Amino acid sequence: MDALLIIAAWTGLAALAAWGMQRQAGATAPLAAPFLGGGTPDTHAWQRYHFRPYTMALVFIAFEMEMMFMYPWAVVFVREGAKALAEMGMFLGILSVGLLYGWREGIFRWQ
Amino acid sequence: MSWLRTLAAGAAAPIYPSIGAGMLAEVEQLFASAPGLRRAASPRDAALLLVAGDIPAEARPALDRLHDQLPHPRRTLAWKAGEPSTQISARLNEAWRDLAHGAPSEPDRLPDEPPNPWRGIGPHGQGGKGMMGGTPRGRPMAMTGADIRDGLELDRYTARVGPFAPMLPPGLTLELTLQGDVIVEAHVLSLPFPQPEEADLPALCAARMLRLLGLEGAADRMTRGHAPRAAWIRGAVPAGLGAWPGAGDARDRLDAWLSGRQEGGAPRDPARALPGLEWHEATLLLASFAPGTLRRALAEAQDLQEIPA
């Protein structure tokens, strides 16, 4: 019940703060214009552009999957011994083939 | 609330300088050495607009737009050539104290109208019909064009930057078409304002590049005439950027300035080198030429364009 009251109080405070800030946001058109050092834009700033680092994101996911497997593996490693080591070696081997392929395709070059 | 006002008045005065002809070096010296002044990176961060030197008539509308972008309370101060920097520094500090203690703000110079009428127009109030036909907030949506690197059709954003952009030489106005942060097209609309010889001093030129690299402290030390105290600065400039026959690349020119030498070679048509560069590279490239050299090179390129082939 206490937790519910605290959450309700915080929600109320946040709503009040948002309401207070909203009045300050009522800027005139010249005050709200985008800053271009005195210049003017032709179009709205909303635009779609080429997000280049998605290959980097794929490499990140490869490493993350590796870490997800390593946590449970570390728990059973002492009990399983050499078998677990061999399994992890195979897993890392397969992953590193993917990385080598990516390297050949040039994903580590920033472009 | 008076203790809040006292605290605010004690902070460094946030100032956006709009630099006119002949005052570049003096403004840089002012911010590097005068106490209690802070050079704001954008007018949104500033309370005082410092108009240094003479602003030509064609840059006046841009100055009005800049003035209106400062949030309230705001004040404009003019710094004419010949006024000593100690005096302007005292005036700036006084104006900041006044503003913090509730002095009246300056009203907008431009009318409170959106660039195009849009309110209540169209089926969803977006200012037009269809997905790309609207003008939300009074501006049309960007249209697509081929990316210069791989031909992917994505939005092109065209805008004029300058003449008071902090990352460009004062007076330079560029009409840029961008895709993301890559420059696709660049045209020079107005040349940098003429500056005296002392703006071309190696220490000041190096300080400008350091400021673009985010090394504010090192840049201020450089401007005051000390060593920058930052390790391996040259590595922060991409190798091969802005390479010109006889002038080396941007990294070489920074090296020369850091060791106190004037750079020698002048570029031919620097604006033609901008397409294909990312925005930060383009600003670094332009800062890697002394203001006098850059102005001459841009003026020559403009003269060549005006003569029909």
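Residues numbered from 1 in each chain as written. Chains lettered and ligands numbered in written order. Predicted model: local features only at pLDDT ≥ 70, side-chain atom pairs only at ≥ 80, totals over all residues. Heavy atoms only, no water.

Participant: So what's going on with the overall build of chain A? Residues and values would help.
Facilitator: Check the secondary structure of chain A and you find 4 helices and 0 strands. Start at the N end of chain A and walk to the C end: the helices and strands fall as α-α-α-α. Whereas a compact globule of 111 residues would reach a radius of gyration of roughly 13 Å, chain A reaches 26 Å, over 25% beyond that. When the 111 residues of chain A are sorted by exposure, 17% land in the buried category. Summed over its atoms, the accessible surface of chain A is roughly 8600 Å², and 73% of this surface lies on carbon and sulfur atoms. One finds the centroid of the 7 positive side-chain charges in chain A at a distance of 8 Å from the centroid of its 7 negative side-chain charges. (Helix = DSSP H or I, 4+ residues; strand = E, 2+ residues; numbered from the N terminus. Rg over C-alpha atoms; globule rule 2.2 N^0.38 Å. Buried < 20%, exposed > 50% of the residue type's maximum accessible area, 1.4 Å probe, protein only. Areas by Shrake-Rupley, 256 points an atom, 1.4 Å probe, with all protein chains shown as cover. Lys, Arg positive; Asp, Glu negative; His and termini not counted. Charge placed at Lys NZ, Arg CZ, Asp CG, Glu CD.)

Participant: Describe the overall build of chain B, and please don't skip the residues or the numbers.
Facilitator: Of the regular secondary structure elements, chain B holds 9 helices and 9 strands. Taking 2.2 N^0.38 as the reference for a compact globule, 309 residues should give roughly 19 Å; the C-alpha atoms of chain B span a radius of gyration of 21 Å, in line with that estimate. Principal-axis analysis of the C-alpha atoms places the extent of chain B at approximately 60 × 60 × 40 Å. Split into buried and exposed, the 309 residues of chain B put 48% on the buried side. In chain B, the share of contacts with a sequence separation of at least 24, taken over all contacts with a separation of at least 6, comes to 60%. Surface summary for chain B: the accessible area is close to 14700 Å², and the carbon and sulfur share equals 56%. (Contact = heavy atoms within 4.5 Å.)

Participant: Pulling in residues and values, what's your account of the pattern of salt bridges?
Facilitator: Taken as a whole, this structure holds 18 salt bridges over all chains when the rule is applied. For Arg38(B), the salt bridge goes to Asp45(B), with nearest N and O atoms at 3.0 Å. Residue Arg38(B) is classed as partly exposed on the basis of its relative accessible area, which comes to 34%. Linking Arg211(B) and Glu216(B) is a salt bridge whose minimum nitrogen-to-oxygen distance equals 3.5 Å. Here the salt bridges share partners, and the residues they tie into one network are Asp42(A), Arg160(B) and Glu175(B). (Salt bridge = Lys/Arg side-chain N within 4 Å of Asp/Glu carboxyl O.)

Participant: Give a description of the nonpolar core that names residues and reports values.
Facilitator: All names here are of chain B. Counting residues in each nonpolar core, the largest one holds 41 residues, and the members touching the most others are Leu174, Met209, Leu274 and Leu286. Leave out the neighbours within four places in its chain, and Met209 touches Val237, Ala250, Leu254, Trp257, Leu284, Ala287 and Ser288. Ala13, Met23, Ala25 and Leu50 belong to the second largest nonpolar core, which has 25 residues in total. (Core = buried A, V, L, I, M, F, W, Y, C linked by side-chain atoms within 4.5 Å.)

Participant: Quick rundown of the sheet that holds strand 1 (residues 13-19) of chain B? Include the residues and the values.
Facilitator: All names here are of chain B. Taken in spatial order, the 4 strands line up as 2-1-3-4 in an open sheet, and their pairing is parallel. Bordering the open sheet on either side are strand 2 (37-39) and strand 4 (75-79), each of which pairs with just one other strand. Going across the sheet, the axis of each strand differs from the next one's by a mean of 35°, ignoring polarity. In this sheet, strand 4 lies alongside strand 3 (residues 48-52) in parallel orientation, the contact comprising 5 bridges. Across the sheet, the residue bridging to Leu50 is Leu77, located in strand 4. (Pairing = 2+ DSSP bridges. Axes fitted to C-alpha atoms, helices over the stretch in contact; angles between N-to-C directions.)

Participant: An account of the side chain of Thr173(B) is needed here, citing residue identities and associated values.
Facilitator: By secondary structure assignment, the location of Thr173(B) is in strand 8 (residues 173-179). Look past the residues within four positions of Thr173(B) in its chain and what remains in contact with it is Arg160(B), Val161(B), Gly162(B), Pro163(B), His187(B), Val188(B), Leu189(B) and Ser190(B).

Participant: Which residues make up the pairing of strand 7 (residues 157-161) of chain B, and what values go with them?
Facilitator: Residue and element names in this part refer to chain B. Burial runs high along strand 7: 5 of the 5 residues are buried. Burial of strand 7 is two-sided: the residues Tyr157, Ala159 and Val161 facing one way and the residues Thr158 and Arg160 facing the other way are all buried. Two strands pair when backbone bridges link them, and strand 7 and strand 8 are joined in this way by 5 bridges, in the antiparallel orientation. When the bridges of strand 8 are listed, Tyr157 appears paired with Leu178.

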